[in-house]
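For reference, the chains in residue letters:
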Amino acid sequence: MVSIIVPIYQAENFIDKCISSIIRQSYTNLEIILVDDGSTDNSLSICKSYADQDNRIILMHTDNCGGAHARNVGLKHAKGDYIAFVDADDYLEQGFIKVLLHYIEKYNADIAECGYYYVEKGEKSAVGVQGAEVLEFDTLHAMKEHVADRMCKQIVWNKLYKRDLISDIPFVEGKIIDDEFWTYRVIGKSKKIIHICQPLYNYVQHESSVMHKKYNLKRLEALEAQQLRLKYIQNNYTELKDYAEYMLYFACMYHMQMCLKYLDSNSCNKAFQTISQIISQEYKKFTFVKTISPIQKFWVMAARINFKLTCKIRNLLKIGI
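Q: Is there a simple way to explain the pattern of salt bridges in this structure?
A: As a working rule, side chains carrying opposite charge can pair if their charged atoms are close by. Inspection of the entire model under this criterion finds 14 salt bridges. Between Glu113 and Lys159 there is a salt bridge, with the nearest N and O atoms lying 3.3 Å from each other. Separated by 46 residues along the polypeptide, Glu113 in strand E6 (residues 111-120) and Lys159 in strand E9 (residues 159-162) bring together distant segments of the chain. Taking relative accessible area as the criterion, Lys159 reaches 3% and is therefore assigned buried.

Q: Please explain the packing of aromatic side chains as it appears in this structure.
A: Between two aromatic rings, the relevant description is the distance of the centres plus the angle of the planes. Enumeration over the complete set of coordinates arrives at 26 aromatic pairs. Relative to Tyr203, the ring of Tyr118 has its centre 6.1 Å away and its plane inclined at 80°; by these criteria the two rings are edge-to-face. Here the residue Tyr118 occupies a position in strand E6, and Tyr203 occupies one in strand E10 (residues 192-205), the gap between them amounting to 85 residues. Classification of Tyr118 by relative accessible area gives partly exposed; the value is 29%. Ring centres 5.7 Å apart and planes at 80° place the aromatic pair Tyr249 and Phe286 in the edge-to-face group. Of this pair, Tyr249 sits in helix H9 (residues 241-262) while Phe286 sits in the loop between helix H10 (265-282) and helix H11 (294-305), and the two are 37 residues apart along the sequence. With a relative accessible area of 1%, Tyr249 lands in the buried category. Phe286 gets classed as buried once you look at its relative accessible area, which sits at 12%. Members of the aromatic cluster, joined through ring pairs, are Tyr243, Tyr246, Tyr249, Phe250, Phe272, Tyr283, Phe286, Phe288 and Phe307. Sitting over the face of the ring of Tyr243, Lys144 holds its NZ or CZ atom 5.7 Å from the ring centroid. Against the face of Phe272 rests Lys308, its NZ or CZ located 4.8 Å from the ring centre.

Rules and cut-offs
- Residues numbered from 1 in each chain as written.
- Predicted model: local features only at pLDDT ≥ 70, side-chain atom pairs only at ≥ 80, totals over all residues.
- Heavy atoms only, no water.
- Salt bridge = Lys/Arg side-chain N within 4 Å of Asp/Glu carboxyl O.
- Helix = DSSP H or I, 4+ residues; strand = E, 2+ residues; numbered from the N terminus.
- Buried < 20%, exposed > 50% of the residue type's maximum accessible area, 1.4 Å probe, protein only.
- Phe/Tyr/Trp six-rings, centres within 6.5 Å; stacked < 30°, edge-to-face > 60°.
- Lys NZ or Arg CZ within 6 Å of the ring centre and 35° of its normal.

The values are spatial; any link to function lies outside them.
Given below as C-alpha cells:
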C-alpha cells in the first residue's frame, strides 16, 4: 500500500483538483491522508465531502502549525509501505504512483523520483531532462546531484519513499521551506535513488505560494539549511566538501544580491550580518577555490575584499540572479 500525505491550508481554490488527481490514480491501493492545517476557508468541508465518498481517505484536522507539522502528523499515522507527499495546490498525472512504484520495486531503491511540469496560468512546461530515460544513483552521486540542484532536488513532492527510510526523520517545523532541512538527511540515509525523466507531477504556480511572495528576510532560512547540510557533508561525504562549500558561498552571494535588489537598507544590513556570520563560521580557509573556474575564483576573491559591493556589481551586471 502507498500512503499519500497532503498538507492543506487555505486551499479551497485548488484542493478539489488535487484530491481528484489522487483518487483517479491508475494505482488504487492507496491510503490518502489529508491533513487540514487549521484552514479558515472551505478547505475542510471540501475534504469532508471527498472523505464521505472514498473510504481510502483519512481526514485529519490540526491547529495552524505549518506544513511541516501537517506532514509530520501524516507521517505518524501513515501505514503504507511507501510514502508520497503532494502539495494541496498541485496535482498528479494519472500514472504518478504506478510508475514510481514500478521502478522503486524493480531497482529495489529507497527513493524513486520523477520529472515534473511547471504550471503557470494553465500553461505546462516540463522541467529537467526529457524522455523515457531512467537514471540510477548511489548515495554519493545522489548527494552531489542534490547539492548541485540538478536531480535529487530538495523538493519532497516528486518522489516516492520507502516508509522505513523516512519514518524516523521528522520535518523541521517553523520553517517557510521545510524540505531544505529534510531532504539531504533522507538522501544520506538512502542507498539507491532512481530518477525517472518522465514528468508525472504538476507544480502549480500562483501568487499566494511561498516562492511567489515578495523576497523577505525569512528566505535566509535557506542559508541556515545549507549550512547544516554542509556540516553533514563534511562529516559524512568528505569527497563533496569543497563542492558544498562552493555552493554555500555562492548561495550567500545570491541572497545578498536579492536583499540589495528588493529590501530596504535596514533589512539589507540585517541580512549582511547573518550572511557575514555564516561566512566567518564556515570559511576559515578558502580551499574550495582550487576546484572552481577562474571567473568564479575572481568573484570569490572580490567578495573577500568587499562582499556587499561585489554583490551590488553582480546585480548591475545581472549575474547570479
